[in-house]
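# Architecture at a glance
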Amino acid sequence: QVQLVESGGGLVQPGGSLRLACAASENIFNFNVMAWYRQAPGKQREFVAHINVGGRIEYGDSVKGRFTISRNNAENTVYLQMNSLKPEDTGVYYCHARILQLNYWGQGTPVTVSS
């Protein structure tokens, strides 16, 4: 029954910014972890960022210093602010949530960084 819906993807030039949103059908306070992953063309899925129920945040090395994950509990939404975008950031971005041992995924939103 848990649904995650990503939005905000699109085409952006290198050096630009984009803000992704993941809207959850449940109170995100119930989730142990919410995270963002991405899959670039021809590559395996890559960890981007996560935030746990206590507010602890981690980032993948490739996005550290450029991306920021945040949450709005009232809106049941997790955001990913992406700055200083590079062509290698191109890919489909997926929202992920974990409740205990259960895992849920959104449908993905595509991001293309190109001149």
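Here we summarise the structure given alongside this text.

What counts as what
- Residues numbered from 1 in each chain as written.
- Predicted model: local features only at pLDDT ≥ 70, side-chain atom pairs only at ≥ 80, totals over all residues.
- Heavy atoms only, no water.
- Phe/Tyr/Trp six-rings, centres within 6.5 Å; stacked < 30°, edge-to-face > 60°.
- Helix = DSSP H or I, 4+ residues; strand = E, 2+ residues; numbered from the N terminus.
- Lys NZ or Arg CZ within 6 Å of the ring centre and 35° of its normal.
- Salt bridge = Lys/Arg side-chain N within 4 Å of Asp/Glu carboxyl O.
- Buried < 20%, exposed > 50% of the residue type's maximum accessible area, 1.4 Å probe, protein only.

### Some details on the packing of aromatic side chains
The full count for this structure, using the stated rule, is 2 aromatic pairs. Measuring from centroid to centroid gives 5.6 Å for Tyr37 and Phe47, while their planes differ by 70°, and the two rings are edge-to-face. One end of the pair, Tyr37, is in strand S4 (residues 33-39); the other, Phe47, is in strand S5 (residues 45-52), and 10 residues separate them in sequence. Aromatic rings pair up to connect Tyr37, Phe47 and Trp105 into one cluster. Its end group placed over the ring of Tyr37, Arg45 keeps NZ or CZ at 4.8 Å from the ring centre.

### What about the pattern of salt bridges?
As enumerated under the stated definition, the model contains 5 salt bridges in all. Among the salt bridges present, the one from Lys64 reaches Asp61, with a minimum N-O distance of 3.3 Å. Classification of Asp61 as exposed rests on a relative accessible area of 68%. With a closest N to O distance of 2.8 Å, Arg66 and Asp89 form a salt bridge. Placement of Arg66 in the loop between strand S6 (57-59) and strand S7 (67-72) and of Asp89 in the loop between strand S8 (77-82) and strand S9 (91-99) is noted, with a sequence separation of 23 residues between them. What makes Asp89 buried here is its relative accessible area of 0%. Ionic contacts of the salt-bridge type, sharing partners, join the residues Arg38, Glu46, Arg66 and Asp89 into one network.

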